[in-house]
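# Coordinate analysis (summary)
Listed here are the chains, written in short residue letters.
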Amino acid sequence: VGMATSWGSLLQTEQQLEELAWQAVDRALSEGVLLRTSQEPSSSDVVSYAPFTLFPSLVPSALLEQAYAVQMDFNLLVDAVSQNAAFLEQTLSSTIKRDNFTARLFDIHKQVLKEGIAQTVFLGLNRSDYMFQCTADGFPALKQVEINTISASFGGLASRTPAVHRHVLNVLSKSKEAAKILSNNPSKGLALGIAKAWELYGSANALVLLIAQEKERNIFDQRAIENELLARNIHVMRQRFEDVSEKGSLDQDRRLFMDGQEIAVVYFRDGYMPSQYSQQNWEARLLLERSCAVKCPDIATQLAGTKKVQQELSRVGVLEVLLPGQPEAVARLRATFAGLYSLDMGEEGDQAIAEALAAPDQFVLKPQREGGGNNLYGEEMVQALEQLKDSEERASYILMEKIKPEPFGNCLLRPGSPAQVVQQGKTLVMNKHVGHLLRTKAVEHADGGVAAGVAVLDNPYPV
């Protein structure tokens, strides 16, 4: 791909680069590509731009189209897993013995099943993350890193970055190229999913409850979705888990009320990491799950997004059981799977560990955690595996083939895949992909996304 190297050749001097970077930063600020600062995460008095690439990165059109095409399959798969209580129980049985966080989530899942699930409408806003694997024939292949079923972020900011990259190319008199940058508005699509769930809930005065963290640097990403909802006359109430403990209640029909206001949809932008739960917060989560409000996600869908489930889905024959009579969908899904290996006690797990210790640069060790920065690579992975290999604790991890993308040139500027599926009863109401998110990171960083401070926002330049 000749173009990949050539954005840089449009610049002759360091000074031009600096000037262009300032142009880009100012445009990003005017477009609302914003984060609160780490110094003042609870206040919007001081904000800065979210880190992003100076140029859009080249992405083969075929891979972009493949990612779009398989997204609906992934949505159906997540939905099928979340409704299959036996599969979830069997898959997570070894993990919950050793991983306290997954065990607590699973306890809530069991309690809700036992009492009877009150909600009748289900909403999934899933983001499937991929990397482009270098292959022997020189053509990159789309390989899934993970699927995010809770609090998938950057749908809002991703809709604001295309204008920035168009601006950069226009400044360089590349208007033809600028026009090739795809428009992208995931937050609108995500909001449509929430709006549909709100409508199906069927109570005109009910609100959407957004569960947020108090210290939320990424608030503008969330506001984009809130504003789309408000434009449809759907009001959003932002509250913390602590507020739910204080003001939340269920009536005799298990309808959820906050301060006397009925809640139709609960949209979680918190609750995906152990550090986000106190005992009080666990109780608040249980209250929300027991209600008939539409949770995005409900507890079963959150569990469907665990690494352990991802690893089990890659086993021979499992997709066929979960998606019977859909061989094309199964083939599309399987084509995106990288190698995934169970570390359960026994011969299979022993063999996986032996292989990883023999070739550590080919593998990644992943715990059941979200939010970035949790995975182990290289020497750290070797040390962890040496410690874990004779302990049952190893079952709380999975081993994954390390995806090796082709590096390329770009400039990362930093200050000083979303999709939706809504389902009611047993009929699928809507299932679509609503846009894409491209994140780029420096070659030396193995793990972590934008919120974790490693990756930066980017746009695909289709080639």
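Cut-off values and rules
- Residues numbered from 1 in each chain as written.
- Predicted model: local features only at pLDDT ≥ 70, side-chain atom pairs only at ≥ 80, totals over all residues.
- Heavy atoms only, no water.
- pLDDT = per-residue confidence, 0-100.
- Contact = heavy atoms within 4.5 Å.
- Pairing = 2+ DSSP bridges.
- Helix = DSSP H or I, 4+ residues; strand = E, 2+ residues; numbered from the N terminus.
- Axes fitted to C-alpha atoms, helices over the stretch in contact; angles between N-to-C directions.
- Salt bridge = Lys/Arg side-chain N within 4 Å of Asp/Glu carboxyl O.
- Buried < 20%, exposed > 50% of the residue type's maximum accessible area, 1.4 Å probe, protein only.

This paragraph deals with the confidence of the model for the protein. Taken residue by residue, the protein gives an average pLDDT of 91. The fraction at 70 or more is 93%. Segment residues 1–5: pLDDT under 50, and six contacts once partners within four positions in sequence are set aside and those in other chains are kept. Note that residues 417–426 has pLDDT below 50 and, in this model, 69 contacts with residues that lie over four places away or in other chains.

Here we take up the sheet that holds strand β14 (residues 363–367). Spatial strand order, β13-β15-β14: three strands in an open sheet with antiparallel pairing. Two strands bound the open sheet, and with one partner strand each, they are β13 (340–342) and β14. Neighbour to neighbour, the strand axes of the sheet diverge by 30° on average, direction disregarded. Judged from the five bridges that link them, β14 and strand β15 (residues 397–401) form a sheet pairing that is antiparallel. Residue pairing for β15: V364 is matched across the bridge by M400. Of the strands in this sheet, β13, β14 and β15 touch helix α17 (residues 347–358), which is tilted by about 130° from β13.

Our next topic: the pattern of salt bridges. Summed over the entire model, instances satisfying the criterion amount to 27 salt bridges. Its salt-bridge partner being R254, residue E115 comes within 3.6 Å of it at the nearest N-O pair. On the criterion of sequence distance, the pair formed by E115 in helix α5 (residues 100–115) and R254 in the loop between β9 (248–250) and β10 (256–258) is long-range, its members being 139 residues apart. You can call E115 partly exposed: its relative accessible area is 37%. A salt bridge links E226 to R238, with the nearest nitrogen and oxygen atoms 2.6 Å apart. Taken together, the positions of E226 in helix α10 (residues 219–230) and R238 in strand β8 (residues 236–239) put the pair 12 residues apart, joining distant regions of the chain.

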